[in-house]
Amino acid sequence: MSLPPLVEPAAELTTDEVRRYSRHLIIPDVGMTGQKRLKNAKVLVIGAGGLGSPALLYLAAAGVGTLGIAEFDEVDESNLQRQVIHGQSDIGRPKALSARDSIAEINPLVEVVVHDERLDNDNVMRIFEGYDLIVDGTDNFATRYMVNDAAYFLGIPYVWGSIYRFDGQASVFAPKQVEDAPCYRCLYPEPPPPGMVPSCAEGGVLGVLCASIGSIQVNEAIKLLTGAGEPAVGKLVIYDALELEWRKLKVRKDPNCRLCGEHADVTELIDYDAFCGAISEEAADAAAGSTISVTQLEHMLKEREEGSRDFVLVDVREPNEYEINQIPGSVLIPKGEFLNGNALEQLPPVDSGTQVVMHCKSGVRSAETLAIVQGAGYDDAVHVGGGVVAWVNQIDPSQPAY
């Protein structure tokens, strides 16, 4: 189903703009009027990372008149594998400023508005106001639900994308523009259980997948802004890069949706961190009073070397992570082994007197496994707050802190 254009056309295109956008102008479905609409459009891109990088570059190249960038992070060397809007010289710079400078190189005719701050309940409505369209490139569930709810309350449609390893998804949510159109909550009424879905930082992502999904988001944005084609409202696009397989599923409005349903009870922004839960209640309870620092771990390792302390240090990450960096003296037992119960057979007996110490990359997965181990009778088990990242940053900077 085609939709009316989101924006009115600008008064005119300059001679320079006609030359720059000539390949758009000769497309009947875009033409002079469509390009004027792009010039008059205001689009906010959330995140200048994996998805935000190609989205920002192609929206700028397409001639979107005003581009907002909502991004608070800094460029890290590990970003450069997929976040193509940044370069080697940008390492350590704010991503929003790095992205702004790259956009200026691509198209100096675009006005860039930088929102160099973390989106939260206190600023999200203020930042969103005034934009015609939002392109969501966030990578965590709490922010995705917040973006969905804020966009709904303000009546702004948005283009959503998600990536993980070799898989990507994309859709358009416009429940205020299209009758019976779903929102993100219709597709995912509840977030996954804490710790069940690894982030890209934990599970990885194929760099070029960002371009595949990011370009779909821009394609949908251009269609919405100009009124061309049929946007992916009520559709979920799924891409499997390993099998080179695309699928398109129909997504229906959920009449029981808590936001846009008949008896909605989400009528304002909520506590999204609590709703999604960084870790489960069981993990939080287990970690309370059973968390040690990397400095304490370093001291414990020295005591174990001297023979005055006995404990087993368990790394619950995946084997490919263990190959990149590791805390010396650790043994690898991935989190999945704890979930299926096999890990308990690899630990010393409960009554052996050998303490179990666990760690992961940042402390989330090890807190989840700590709850399992303590539930199995290892009452003195602990985990390392901050995990490998803290170890590398504070104790052993010779290793890569990924």
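Just above, that's the structure.
The structure displayed is predicted, hence computed values, not measured ones.

(A) Molecular detail of the overall build of the protein chain. Helices and strands together make up the secondary structure of the protein chain, namely 17 helices and 13 strands. Relative to a compact globule of 402 residues, whose C-alpha radius of gyration would be 21 Å, the protein chain shows 24 Å and is just as compact. For the protein chain, the C-alpha atoms occupy an extent of roughly 80 × 50 × 40 Å along the three principal directions. In the protein chain, which comprises 402 residues, the share counted as buried stands at 50%. Within the protein chain, residue pairs in contact and separated by at least 24 positions form 68% of the contacts whose partners lie at least 6 positions apart. Summed over all atoms, the accessible surface of the protein chain reaches about 18600 Å², with 49% contributed by carbon and sulfur. Averaged over its 32 positive side-chain charges, the protein chain has a centre that lies 9 Å from the centre of its 58 negative ones.

(B) Local environment of the pairing of strand β1 (residues 42-46). Within β1, four of the five residues are buried, which leaves the element mostly enclosed by the surrounding structure. Pairing geometry for β1 and strand β2 (residues 66-70), over five bridges, is parallel. Along β2, the bridge assignment pairs leucine 44 with glycine 68. Following the backbone out of β1, through helix α4 (residues 52-62) and into the adjacent parallel β2, one traces a crossover that is right-handed. Here β1 runs beside strand β4 (residues 133-136); their pairing, made up of four bridges, is parallel. Across the sheet, residue isoleucine 46 finds its bridge partner in β4, namely aspartate 136.

(C) Inspection of the pattern of salt bridges at higher detail. Under the definition given, this model contains 14 salt bridges. Ionic pairing is found between aspartate 101 and arginine 100, a salt bridge with its closest N-O pair at 3.1 Å. Residue class for aspartate 101 comes out partly exposed when judged on its relative accessible area of 33%. Across the salt bridge formed by lysine 223 and glutamate 220, the nearest N and O atoms sit 2.8 Å from each other. Residue lysine 223 and its partner glutamate 220 are both found in helix α10 (residues 207-226); the two are separated by three residues, about one turn of the helix. Look at the salt bridges and you will find they share partners, linking Asp90, Arg93, Arg100 and Asp101 into a network.

(D) Geometry of the sheet that holds strand β9 (residues 291-292). Read from one edge of the open sheet, five strands run β9-β13-β12-β10-β11, paired in parallel fashion. With partners counted over all chains shown, the strands left at the sheet margins are β9 and β11 (330-332), one partner each. The strands touched by helix α13 (residues 294-306) within the sheet are β9, β10 (311-315), β12 (355-359) and β13 (382-384), with β10 carrying the most contacts at an inclination of about 130°. Along the sheet, helix α16 (residues 364-375) contacts β12 and β13; its crossing angle with β12, the most-contacted strand, is approximately 155°.

(E) Broad picture of the environment of glycine 203. Turning to its location among the elements, glycine 203 is positioned in helix α9 (residues 200-203). Residues glycine 203 and serine 78, 125 residues apart in the sequence, show an inter-C-alpha distance of 14 Å.

(F) View of the packing of aromatic side chains. Enumeration over the complete set of coordinates arrives at 10 aromatic pairs. Ring centres of tyrosine 239 and tryptophan 246 lie 4.0 Å apart, and the angle between their planes is 15°; on these two criteria the pair is classed as stacked. The structure contains a cluster of three or more aromatic residues connected by ring pairs, namely Tyr145, Tyr158, Trp160, Phe173, Tyr184, Tyr188 and Phe275. A cation over a ring is seen here: arginine 304 above phenylalanine 311, with NZ or CZ 4.6 Å from the ring centre.

Thresholds, definitions, all that
- The residue numbering used here restarts from 1 in each chain and proceeds along that chain's sequence as written.
- Predicted model: local features are reported for residues with pLDDT of at least 70 only, side-chain atom pairs are reported and counted for 80 or more only, and whole-chain, interface and lining totals are derived from all residues.
- Side-chain numbers come from the whole structure's heavy atoms, not from hydrogens or water.
- Where helices and strands are cited, they refer to DSSP runs of H or I of at least four residues and of E of at least two residues respectively, numbered from the N terminus.
- We compute the radius of gyration from the C-alpha atoms alone; for a globule the expected value is 2.2 Å times N to the 0.38, where N is the number of residues.
- Accessible area is worked out with a 1.4 Å probe on protein chains only. A residue is then buried under 20% of its type maximum, exposed over 50%, and partly exposed in between.
- Contacts between residues were defined by any pair of non-hydrogen atoms, one from each residue, lying within 4.5 Å.
- Throughout, the Shrake-Rupley method with a 1.4 Å probe supplies accessible areas, and for residues the shown protein chains are the sole cover considered.
- This count recognises Lys and Arg as positive and Asp and Glu as negative, with His and chain-terminal groups excluded.
- Just so you know, the charge point we use is NZ for Lys, CZ for Arg, CG for Asp and CD for Glu.
- The pairing criterion is simple: DSSP has to find at least two bridges between the two strands.
- Looking down the strands as they point away from the viewer, one classifies a crossover as right-handed if the path from the first strand across the helix to the second runs clockwise.
- We count a salt bridge whenever a side-chain nitrogen from Lys or Arg sits within 4 Å of a carboxyl oxygen from Asp or Glu.
- To obtain each axis, a line is fitted to C-alpha atoms, and for helices this fit is confined to the stretch in contact; angles are then taken between N-to-C directions over 0 to 180 degrees.
- Pairing of aromatic side chains here covers Phe, Tyr and the six-membered ring of Trp, requires ring centres within 6.5 Å, and sorts the geometry by plane angle: under 30 degrees stacked, over 60 edge-to-face, intermediate tilted.
- Here, a charge over a ring is recorded when the distance from Lys NZ or Arg CZ to the ring centre is within 6 Å and its angle to the ring normal is within 35 degrees.

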